[in-house]
Amino acid sequence: MNKVNENELKAAAIRKGMSIPDLAQQIGISKKRIYSRMHGATPFKQTEITKIRDCLGLTDEELISIFFTSDVS
């Protein structure tokens, strides 16, 4: 299962002057839900990823590095 790169997502939000709770509000989900998704308890929905991309103005490369990296052990 892919894990969200939490640090990259936080950094992208900060670059836009937002906190993670601000981002959650902007994309229409609760603070609890966004943290649950960031910590891998439940996956982000495609619609949420799209809203985050649009809200933060992410490039394709940034989007991939945040949402589509896999853990390598």
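Sequence order as written defines the numbering, with residues in each chain counted from 1. Residue-level local features of this predicted model are given only where pLDDT is at least 70; pairs of side-chain atoms are given and counted only at 80 or more, and the full residue set underlies all totals for whole chains, interfaces and linings. Computation of side-chain values: all heavy atoms of the structure, hydrogens and water removed.

**Q** Help me out: how do you make sense of the packing of aromatic side chains in this one?
**A** Any two of the Phe, Tyr and Trp rings considered here, Trp counted by its six-membered ring, make a pair once their centres fall within 6.5 Å; the pair's planes then place it as stacked at under 30 degrees, edge-to-face at over 60, or tilted in between. Enumeration according to the criterion identifies one aromatic pair in this entry. Ring plane angle 85° and centroid distance 5.3 Å describe the contact between Phe-44 and Phe-67, whose orientation is recorded as edge-to-face. Residue Phe-44 is found in the loop between helix 3 (31-38) and helix 4 (46-56), and its partner Phe-67 is found in helix 5 (residues 60-67); the two are separated by 23 residues along the sequence. Each residue is placed in one exposure class: buried if its accessible area under a 1.4 Å probe, protein chains only, is under 20% of its type's maximum, exposed if it is over 50%, and partly exposed if it falls in between. Overall, the relative accessible area of 11% leaves Phe-44 in the buried class. Helical segments are the DSSP runs of H or I of at least four residues, strand segments are the runs of E of at least two, and each set is numbered from the N terminus.

**Q** Sorry if this is basic, but what is going on with helix 2 (residues 20-27) here?
**A** Side chains three or four residues apart in an α-helix point the same way, a direct result of the helix having 3.6 residues per turn. Among all positions of helix 2, only Ile-20, Leu-23, Ala-24 and Ile-27 are buried. Along helix 2, the residues classed as buried sweep out an arc of 100° about the axis, all on the same side. Helix 2 presents Gln-25 and Gln-26 as exposed residues on the side facing more than 90 degrees away from its buried surface. Throughout, a contact is declared for two residues whenever any of their heavy atoms are within 4.5 Å. At its buried positions, helix 2 is contacted by helix 1 (6-15), helix 3 and helix 4. Taken from the residues just after helix 2, Gly-28 is the one with a positive phi, measuring 85°. Our arc is simply the arc of the directions from the helix axis toward the C-beta atoms.

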